[in-house]
Amino acid sequence: MSVPLFDDHDVRARLDAGTAVRAMRAAILAHHEGTLQAPPRVRADLGGGHLVFTAGHLREQGLFGFRVYDTLVGAGQLVAVWNARDGELAALVQGAELGARRTGAIGAVAVEVAAGPGPVRVGIVGAGAQAWTQLWAMLAVREVEEVVVAARRPGRAEAFARRTADELGVRTRAARTVEDAVRDRDVVIVATNSAVPVLDADWIAPGTHVNTVGPKTVSRHEVPAALAHRASVVLTDSLVQAAGYPEPHIFAVDAMIDLGAALVGAVTVRTDPDQITVFSSVGLAGTEVALAAELVRRRPTRPALS
């Protein structure tokens, strides 16, 4: 048996933003319709860290699989996909790139659904891989007029701004402060690993949509709890996943709206242009399987694993 093996290079080379967003949109719709089985993540305690598994079954595509990553030493991620029709292993994907691009593409769907219409001015807090893929994917659903980015280390924000301008062709500048980055924006992306809020809720202008990608539990949260009170709507990609966290969220799970329900129009997200909306990204299980399937369709770039 030959199994296609992919790495980060393959993901970057073969997954464009439009493909990734379409795959995530289809997976979110499948979850809403009940054809994507996506249970809460499972954590295996290894002592000093965990192995974390997310699994999913895309019944219409005839695929199932899992993603596993560790919190012990940061060894990297592995995604395995099987063909449900014959039980053959269809693909292995190693590295962090697939997960980051999947998260970015889901964030783009949230922007598509919840942000106000038309071109957007974007503020970003964080200058790492998650911030990059959020913007990369957003360009598949919206025209971006300008990006302002802030990071804990100014040099990283400046490098992010140069890369965005060079690779994505978007006018970008580095901000001296987080407040400068997020005030008067149409879309704000918060993609940090901070355990304490990196912004003040009052800095978010009426009409803004916020994607929060990093920590958001009671003990560790990158955005303030006050943002939940200012927001008219809080969306999430998986209510089951959010409810399955080891500790409560700063956003009440029972008040969140499922992104799939908003995508099909079962829920109206914006009834007033001045409403603040928030997307709480928790990671819909099975979406890694859907994105890995796109790599399989585009053929492996490395010799198969035998």
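Please refer to the structure placed before this passage.
Residues numbered from 1 in each chain as written. Predicted model: local features only at pLDDT ≥ 70, side-chain atom pairs only at ≥ 80, totals over all residues. Heavy atoms only, no water.

Looking now at helix α10 (residues 287-297). Most of α10 sits inside the fold, with nine of its eleven residues counted as buried. The complete set of buried residues in α10 reads T287, E288, V289, A290, L291, A292, A293, E294 and L295. (Buried < 20%, exposed > 50% of the residue type's maximum accessible area, 1.4 Å probe, protein only. Helix = DSSP H or I, 4+ residues; strand = E, 2+ residues; numbered from the N terminus.)

Of all hydrophobic cores here, the largest spans 67 residues; its most connected members are L98, V122, I124, M138, L235 and L259. With nine residues, helix α3 (residues 97-114) is the single largest residue contributor to this core. In contact with L98, other than residues within four places in its own chain, are V11, L15, V79, V93, E288, L291, A292 and L295. Counting residues in each nonpolar core, the second largest holds 23 residues, with A181, V234, M256 and I276 among its members. (Core = buried A, V, L, I, M, F, W, Y, C linked by side-chain atoms within 4.5 Å. Contact = heavy atoms within 4.5 Å.)

Of note, V198 is situated in the loop between β11 (187-190) and β12 (209-212). Measuring from C-alpha to C-alpha, the distance between V198 and V178 comes to 7.4 Å, with 20 residues separating the pair along the chain. Excluding its chain neighbours within four sequence positions, the residues that come into contact with V198 are V125, V178, V190, T192, W203 and E222.

With their axes 10 Å apart at the nearest point, α3 and α10 run at an angle of 110 degrees to one another. By the angle between their directions, the pair α3 and α10 is classed as roughly perpendicular. Contacts from L98, R101, R102 and I106 of α3 reach α10 at T287, E288, L291, A292 and L295. Across the contact of α3 with α10, the residue classes break down as five nonpolar, one polar and three charged. (Axes fitted to C-alpha atoms, helices over the stretch in contact; angles between N-to-C directions. Parallel < 35°, antiparallel > 145°, perpendicular 65-115°, else oblique. Nonpolar A, V, L, I, M, F, W, Y, C, P; charged D, E, K, R; others polar.)

Our focus in this paragraph is the sheet that holds strand β10 (residues 172-174). The sheet built from eight strands is open, its strands ordered β10-β9-β8-β11-β12-β15-β13-β14 with parallel pairing. Since the sheet does not close on itself, it has two edges, and those belong to β10 and β14 (257-258), each with one partner. In this structure, strand β8 (residues 120-125) lies alongside strand β9 (residues 144-150), joined through six bridges in parallel fashion. Across the sheet, residue R121 finds its bridge partner in β9, namely E146. (Pairing = 2+ DSSP bridges.)

Here we come to the packing of aromatic side chains. Under the criterion given, the structure shown has four aromatic pairs. Judged by centre distance (5.7 Å) and plane angle (35 degrees), the rings of F66 and W82 are tilted. Residue F66 is located in strand β5 (residues 63-70), and its partner W82 is located in strand β6 (residues 78-83); the two are separated by 16 residues in the primary sequence. According to the relative accessible area criterion, W82 is partly exposed, its value standing at 23%. Counting every residue linked through ring pairs, the aromatic cluster contains F53, F64, F66 and W82. Above the plane of the ring of W132 lies R163, whose end atom (NZ or CZ) is 3.6 Å from the centre. (Phe/Tyr/Trp six-rings, centres within 6.5 Å; stacked < 30°, edge-to-face > 60°. Lys NZ or Arg CZ within 6 Å of the ring centre and 35° of its normal.)

What follows deals with the layout of surface pockets. Of the pockets and cavities examined, the largest pocket occupies roughly 1,500 Å³. Lining the largest pocket are 47 residues; nearest its centre among them are T192, N193, V213, G214 and P215. Listed by contribution, the elements that provide at least two residues to the lining of the largest pocket are β5, α3 and α4 (129-138). For the lining of the largest pocket, a count of residues per class yields 19 nonpolar, 17 polar and eleven charged. (1 Å grid on protein atoms, 1.4 Å probe; cavity = no way out; pocket = protein on both sides within 12 Å on 5 of 7 lines; lining within 4 Å. Points joined across faces, edges and corners; volume = space filled by probe spheres on them.)

The next subject is the pairing of strand β3 (residues 42-45). As paired strands, β3 and strand β4 (residues 50-58) are joined by four bridges and run antiparallel to one another. In the sheet register, R43 faces β4, and the bridge partner there is V52. Linkage of β3 to β4, two consecutive antiparallel strands, is achieved through a turn of four residues, within which G47 is found at a positive phi near 80 degrees.

Right, let's get into helix α2 (residues 17-33). The end-to-end C-alpha distance of α2, which contains 17 residues, comes to 24 Å, matching closely the 24 Å that a straight helix rising 1.5 Å per residue would cover. Listed as buried for α2 are A17, G18, T19, A20, V21, A23, M24, A27, I28, A30 and H31. Where α2 is buried, its residues contact β2 (36-37), α3, α4, β14, α9 (259-263) and α10. For α2, the N-terminal cap is D16; the gap from its side-chain oxygen to the backbone nitrogen of G18 is 3.1 Å. Count one or two residues on from α2 and you reach G34, which has phi positive near 90 degrees. (Expected span 1.5 Å × (residues − 1). Polar contact = N/O pair within 3.5 Å; in protein donor to acceptor, adjacent residues only side chain to side chain.)

This paragraph deals with the side chain of T133. Tracing the sequence through the fold places T133 in helix α4. Overall, T133 belongs to the buried group, its relative accessible area being 1%.

So, on to a nonpolar patch on the surface. On the surface, a cluster of nonpolar side chains totalling about 290 Å² of accessible area is made up of L46, L72 and V73. Locating V73 in the fold gives a position in the loop between β5 and β6. Residue V73 is classed as exposed on the basis of its relative accessible area, which comes to 67%. (Patch = residues over 30% accessible without salt bridge, like charges linked within 9 Å, V, L, I, M, F, W, Y side chains within 5 Å. Areas by Shrake-Rupley, 256 points an atom, 1.4 Å probe, with all protein chains shown as cover. Salt bridge = Lys/Arg side-chain N within 4 Å of Asp/Glu carboxyl O.)

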